[in-house]
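Observations on the model geometry
Residues per chain are reported as follows:
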Amino acid sequence: MGLLQSLIHIIIFFERNTLHFSDSLQFYGFMAFIAFITLALLSVIRRSMFEIFQTTHLALAVLITYALWRHLTVRPSFSRFYVCIASGIFVLTTALRYSRLILRNVIWGQPYTTAKVTQVRDSVRIQVIVPRPWKVRAGEYLYIWMPGVSIWSIFQSHPFMVTWWDNDVDGKSTNIYLLIKPASGFTQKLVQYTGNCVFRSWIDGPYGQPSNVGDYGNILMFASGIGITAQIPHLKELLRGYRNYRVRTRNILLVWQLDKESDQEWVQDWMTELLSEDQGAYILKIGLYVLRNFDNQNTSYGDMEDYGEHNRVRKLYGRPDVDRLIKSEVAKKRGQLLIMTSTGSDMQEQIQRSTQKYLDREVKLTHLAFQPRSYRSFWSPRLPEVNYKGVV
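Please read all numbers here as calculations on a predicted model, not as lab measurements. (Residues numbered from 1 in each chain as written. Predicted model: local features only at pLDDT ≥ 70, side-chain atom pairs only at ≥ 80, totals over all residues. Heavy atoms only, no water.)

1. Observations regarding the sheet that holds strand β1 (residues 113-120)
Sheets are built from strands paired through backbone hydrogen bonds, the pairs being either parallel or antiparallel. Note the cut-off: Here, any two strands with at least 2 DSSP bridges between them count as paired. Elements are defined by DSSP. Helices are runs of H or I of four residues or more, strands are runs of E of two residues or more, and each kind is numbered from the N terminus. An axis is simply a line fitted to the C-alpha atoms; with a helix, the fit covers only the stretch in contact. Between two such axes, the angle follows the N-to-C directions and lies from 0 to 180 degrees. A contact between two residues is defined here by any heavy atoms of the two lying within 4.5 Å.
The strand order β4-β3-β7-β1-β2-β6-β5 describes an open sheet built from 7 strands, whose pairing is antiparallel. Strand pairing shows two members of the sheet lacking a second neighbour, β4 (158-161) and β5 (164-167), which therefore form its edges. Going across the sheet, the axis of each strand differs from the next one's by a mean of 35°, ignoring polarity. As paired elements, strand β3 (residues 141-145) and β4 share 4 bridges and run antiparallel to each other. What sits directly across from Ile144, in β4, is His158. Along the sheet, helix α4 (residues 80-105) contacts β1, β2 (123-134) and β7 (197-207); its crossing angle with β7, the most-contacted strand, is approximately 130°. Where helix α7 (residues 268-277) meets the sheet, it contacts β2, β5 and β6 (173-180), and its direction lies at approximately 55° from that of β5.

So this is what it looks like as structure tokens:
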């Protein structure tokens, strides 16, 4: 909105005047406009270069405030009052945020939170030992500040989904787990700590909007790669709610597309615990679709393997047939069906196209807050079409 208003202001100005940087009024006004444009363009690099985005975003916000104040000071007007209001709100919210940070992280004799870093294959798992426990909900994420990772991490805090948690007798979470797939910058630095390294840290959160997915009788979950981090919390909450008679869900199917077969080790212990939680109810079924890099050299596309009690886990080698899976779940559903996605853009487009056919049949599609990036290039090999003997 600020960019749109400044753009209209600039257009009206140029219709009547010419630009002279020697004029302080025009110089600072144009400076604020350029800063607004740069701020809007920064959203392009938010995910790929978060550290640069975060620092530059704050610097530009300060620059815009300064430029606007100087722009309005040249010819004093009541508009300066709005800059004061905006600055006051920023100072107030910042003070409240830091008060919350202190409350979340500081207890008597320990002014920090402890974070343990372990490596699981090519992913990183962070265990956060919470000084002041709270009741974690699926869909929450938090920012973590770990200054000991590198020199630059002193000035950085990073957002990650809460993937798992351990509760005390009061139902509050004493241990919170974050699962991270290293990319660059801070996350790549974490890979260097291959042992059980312990860091002093601060956490900020939780953020996010928990949703009551337990109101749906049938749930179909799609995840690709590290997108599984967004689905596991919902599985944990649904199965616990089923045990305590708090949800209506009676059928859950998780479809997880893996780039490599070894990626299943990221969450293998948590998956085992979820299946154990489901024992006796058997409302959860899991389909693992492995795209490439099979563990067994004799495995070929189209092969299937069943695991677990009542064959609740099926591993299939090849791409999931999204249309067929959705059609099957719609056909056998009782009540409403919720389709939840945390996938790359390619798979998400397939899901959207397939779901459009059934939106008038009590089927709802929702995209979770975390959506993994797709790393596909022109040179990526095209996977063969696979016709499985059955669906999960």
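From this point, the narrative continues.
2. Notes on the sheet that holds strand β12 (residues 313-317)
The 7 strands are arranged β11-β12-β10-β9-β8-β13-β14 in an open sheet whose pairing can be described as mixed. Two strands close off the open sheet at either side, each with one partner strand: β11 (304-307) and β14 (363-367). The mean angle between the axes of side-by-side strands here comes to 15°, regardless of whether they run parallel or antiparallel. Bridge analysis of β11 against β12 gives 4 bridges, and the strand direction is antiparallel. Paired with Met304 across the strands is Leu316, a residue of β12. Set on the sheet, α7 makes contact with β9 (251-260), β10 (284-292) and β12; between it and β10 the angle comes to about 155°. Docked against the sheet, helix α9 (residues 345-355) engages β8 (218-224), β9, β13 (337-342) and β14, running at close to 160° with respect to β14.

3. Thoughts on the pairing of β8
Short version of the rule: Exposed residues in this analysis have more than 50% of their type's maximum accessible area, buried residues have under 20%, and partly exposed residues fall in between, with area computed by a 1.4 Å probe over protein chains only. A crossover counts as right-handed when, viewed with the strands pointing away from the observer, the path leading from the first strand over the helix to the second turns clockwise.
Most of β8 is tucked away: 7 of the 7 residues are buried. By the alternation rule, side chains of β8 split into Asn218, Leu220, Phe222 and Ser224 and Ile219, Met221 and Ala223, which are all buried. The sheet contact formed by β8 and β9 spans 7 bridges and is parallel. Note on β9: the bridge partner recorded for Leu220 is Leu253. Handedness of the crossover is the feature at issue here: the chain leaves β8, passes through helix α6 (residues 228-243), returns alongside β9, and the resulting connection is right-handed. Bridge count between β8 and β13: 6 bridges; the pairing is parallel. Each residue of the ladder has a partner; that of Met221, found in β13, is Met340.

4. Overview of the packing of α6 against α7
Worth spelling out the cut-off: Every angle not falling under 35 degrees, over 145, or within 65 to 115 is termed oblique; those three ranges are roughly parallel, roughly antiparallel and roughly perpendicular. Whether a crossing is left-handed or right-handed is set by the direction in which the near helix is turned from the far one by less than a right angle, anticlockwise for left-handed and clockwise for right-handed. Amino acids outside the nonpolar list (Ala, Val, Leu, Ile, Met, Phe, Trp, Tyr, Cys, Pro) and the charged list (Asp, Glu, Lys, Arg) are all regarded as polar, and Gly is one of them.
In contact at an axis separation of 10 Å, α6 and α7 are set at 20° when each is read in the N-to-C sense. Of the possible angle classes, the one that applies to α6 and α7 is roughly parallel. At the point where α6 passes α7, the crossing takes the left-handed sense. Side by side, α6 and α7 meet where Ile228, Ile232, Leu235, Lys236, Leu239, Arg240 and Arg243 of the first sit next to Trp270, Met271, Leu274 and Glu277 of the second. For the contact of α6 with α7, a count of residues per class yields 7 nonpolar, no polar and 4 charged.

5. Here's the deal with the environment of Met161
Within the secondary structure layout, Met161 lies in strand β4. In the structure, Met161 is positioned 21 residues away from Glu140 in sequence and 6.3 Å away in space, judged by C-alpha atoms. Not counting chain neighbours up to four residues away, the residues in contact with Met161 comprise Gly139, Glu140, Tyr141, Tyr177, Leu178, Thr229 and Phe370.

6. With respect to helix α8 (residues 322-332)
The condition is simple: Our arc is simply the arc of the directions from the helix axis toward the C-beta atoms.
Inspection of α8 places Val322, Leu325, Ile326, Glu329 and Val330 among the buried residues, and these make up the whole buried set. Buried residues of α8, seen end-on, are gathered within an arc of 130° and therefore sit on one face of the element. Opposite the buried face of α8, by more than 90 degrees, sit the exposed residues Lys327 and Ala331. As for α8, its buried residues are in contact with β8, β9, β10, β13, α9 and β14.

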